[in-house]
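Per-entry structural report
If you want the building blocks of each chain, they are given just below.
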Amino acid sequence: MGNIQKKINRILMALRRRGIVYKINTQQFYSEKQDRICTKLILWEEHPQRDGKVFYSKVEMLKYLAERWKEVREDGKGQRGEDCGTRPEDEREAEGF
């Protein structure tokens, strides 16, 4: 699991250097269906009181962030039109995922 968290942190750092800041919140709840405590991850780009993107797996969050990084890296802009020119140090920072 530590390897997945490391990759998430690297992508978050590379996106942050491009001016796109994400925050992650976690919430635990009891699932009667699975008869156990489950954790959901909420990814915020805006204010935490607004809706965020919900994940029930770190792997799914990693896939989403990797797609977001590809968009930013290829276009030089994010979904919302942020100016995100390619910088070599960002490419090195996000390598390995």
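Above this note sits the structure.
These notes cover the structure that comes with them. Nothing here was measured: the structure is a model prediction, and the numbers come from that model.

Re the packing of aromatic side chains
Tallying each qualifying case throughout the model produces two aromatic pairs. Ring centres of phenylalanine 29 and tyrosine 56 lie 6.2 Å apart, and the angle between their planes is 85°; this geometry places the pair in the edge-to-face category. Of this pair, phenylalanine 29 sits in strand β1 (residues 23–31) while tyrosine 56 sits in the loop between β3 (53–55) and α2 (58–75), and the two are 27 residues apart along the sequence. Assessed through its relative accessible area of 32%, phenylalanine 29 is described here as partly exposed. Taking 5.6 Å as the distance between ring centres and 50° as the angle between the ring planes, the aromatic pair formed by phenylalanine 55 and tyrosine 64 counts as tilted.

Focus: α2
With 18 residues, α2 should reach 26 Å at 1.5 Å per residue; the first-to-last C-alpha distance of 26 Å fits that figure. Inspection of α2 places Met61, Leu62, Leu65, Ala66, Arg68, Trp69 and Val72 among the buried residues, and these make up the whole buried set. Down the axis of α2, the sector holding all buried residues measures 165°, keeping them to one side. Within α2, the exposed residues directed more than 90 degrees away from the buried face are Glu74 and Asp75. For α2, the side-chain oxygen to backbone nitrogen distance between the N-cap and valine 59 is 3.1 Å, and the N-cap itself is serine 57.

What counts as what
Residues numbered from 1 in each chain as written. Predicted model: local features only at pLDDT ≥ 70, side-chain atom pairs only at ≥ 80, totals over all residues. Heavy atoms only, no water. Phe/Tyr/Trp six-rings, centres within 6.5 Å; stacked < 30°, edge-to-face > 60°. Helix = DSSP H or I, 4+ residues; strand = E, 2+ residues; numbered from the N terminus. Buried < 20%, exposed > 50% of the residue type's maximum accessible area, 1.4 Å probe, protein only. Expected span 1.5 Å × (residues − 1). Arc of directions from axis to C-beta. Polar contact = N/O pair within 3.5 Å; in protein donor to acceptor, adjacent residues only side chain to side chain.

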